[in-house]
Amino acid sequence: MLINKNKALSLGLIATAIFGISLASCSDDDPARVLRKKEIPLRTATEIGGGTVTIQERTDSTFDLTIKINKTTKDITYKFSVIKGDTALLRTANPTLEVGLDLGSEKSTTTDAAIIKTITVKKIKPATGDSIKFNYDSLLKNSYFARVHYVTTATPPADSNVARAKIGK
């Protein structure tokens, strides 16, 4: 009987150790899982196929926004952003564009290479007001478009659209 109690105690200690190790291996640093995902093609001035915009909703109420352009020109710095409104704004003279999300810029080191920019979004700061919560649905239910452009070194500088994609409604 004493032997059975010792075996039970040993098995209980082993089970507790295994549970403790597996619990300790879990971490808050684990990335949030993807819930929904939408991929939108970027349009160049002449064709579809300029790249993609990918929106991935995460379980922690954030979303990842990735803009990829397929071809670049060496030594050009490309700017990636999401603009509030419709792409029709780009066809007007001197458009006023409200940047909703700025993904930054990237300089191409070779010709015909792809460039990918990604940010994780939880809040945005509108042109007027404080930062507000912004999620996957906020982006898709409102009027936004992705834009990749560069500014030439000419005098005066000229803004050049590389690719764009309508994101929201």
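Here, the structure is the one placed above.
Because the structure is a prediction, the values reported are computed rather than measured. (Residues numbered from 1 in each chain as written. Predicted model: local features only at pLDDT ≥ 70, side-chain atom pairs only at ≥ 80, totals over all residues. Heavy atoms only, no water.)

With respect to unusual backbone geometry
Even without being a glycine, S61 presents a positive backbone phi close to 70°. Its place among the elements puts S61 in the loop between β2 (48-58) and β3 (63-69). One non-glycine residue, D112, lies in the positive phi region at around 70°. By secondary structure assignment, the location of D112 is in the loop between β5 (98-107) and β6 (115-121). When its relative accessible area of 52% is taken as the criterion, D112 is described as exposed. (Helix = DSSP H or I, 4+ residues; strand = E, 2+ residues; numbered from the N terminus. Buried < 20%, exposed > 50% of the residue type's maximum accessible area, 1.4 Å probe, protein only.)

Quick look at the environment of E98
Of note, E98 is situated in strand β5. Here E98 falls in the partly exposed class, since its relative accessible area comes to 30%. Put simply, E98 and G85 are 13 residues apart on the chain and 8.0 Å apart in space, counted from C-alpha to C-alpha. For E98, the residues in contact, after removing those within four places along its chain, are V82, I83, K84, P126 and A127. (Contact = heavy atoms within 4.5 Å.)

What about the nonpolar core?
Soluble globular proteins: nonpolar side chains tend toward being buried together. In this structure, V53, I55 and L65 are the most contacted members of the largest nonpolar core, which totals 28 residues. For this core, the element with the highest residue contribution is β3, accounting for four residues. If sequence neighbours within four positions are ignored, V53 has contacts with K38, E39, I40, L42, L65, T66, I67, A146, A165 and I167. (Core = buried A, V, L, I, M, F, W, Y, C linked by side-chain atoms within 4.5 Å.)

Considerations on the pattern of salt bridges
Two side chains with opposite charge may pair up if their charged atoms get near one another. For the coordinates displayed, the defined rule picks out four salt bridges. Its salt-bridge partner being R36, residue E57 comes within 2.6 Å of it at the nearest N-O pair. Of this pair, E57 sits in strand β2 while R36 sits in strand β1 (residues 34-43), placing them 21 residues apart in sequence. Here E106 makes a salt bridge to K117, at a shortest N to O gap of 3.6 Å. Taken as a pair, E106 in strand β5 and K117 in strand β6 lie far apart in primary sequence, eleven residues in all. Given a relative accessible area of 32%, E106 falls into the partly exposed group. Given the relative accessible area of 17%, K117 is considered buried. In the salt-bridge network here, residues are joined through shared partners; they are R36, E57 and D137. (Salt bridge = Lys/Arg side-chain N within 4 Å of Asp/Glu carboxyl O.)

Remarks on the packing of aromatic side chains
Under the definition given, this model contains three aromatic pairs. Here F63 and F134 contribute two aromatic rings whose centre-to-centre distance is 6.1 Å and whose plane-to-plane angle is 50°, an arrangement assigned as tilted. Here the residue F63 occupies a position in strand β3, and F134 occupies one in the loop between β8 (132-133) and α2 (136-141), the gap between them amounting to 71 residues. Arranged with centres 5.7 Å apart and planes meeting at 80°, the rings of F134 and Y144 form a pair that is edge-to-face. Here F134 is found in the loop between β8 and α2, whereas its partner Y144 is found in strand β9 (residues 144-151), with ten residues between them in sequence. The same class applies to F134 and to Y144, which are both buried. Connected via pairs of aromatic rings, a cluster forms that spans F63, F134 and Y144. (Phe/Tyr/Trp six-rings, centres within 6.5 Å; stacked < 30°, edge-to-face > 60°.)

A look at the pairing of β6
Judged by which residues are buried, β6 turns out to be one-sided: I115, K117, I119 and V121 face inward and are buried, whereas I116, T118 and T120, on the alternate face, are not. Both β3 and β6 contribute to a ladder of seven bridges, which runs antiparallel. Note on β6: the bridge partner recorded for I67 is K117. (Pairing = 2+ DSSP bridges.)

Quick word on the environment of S108
For S108, the location among the structural elements is in the loop between β5 and β6. Residue class for S108 comes out buried when judged on its relative accessible area of 3%. Here the alpha-carbon distance between S108 and I76, two residues 32 residues apart in the chain, equals 5.7 Å. Setting aside its immediate chain neighbours within four residues, S108 contacts T72, T73, K74, D75, I76, Y78 and I115. For S108, the side chain forms a polar contact with the side chain of T72, separated by 2.7 Å. (Polar contact = N/O pair within 3.5 Å; in protein donor to acceptor, adjacent residues only side chain to side chain.)

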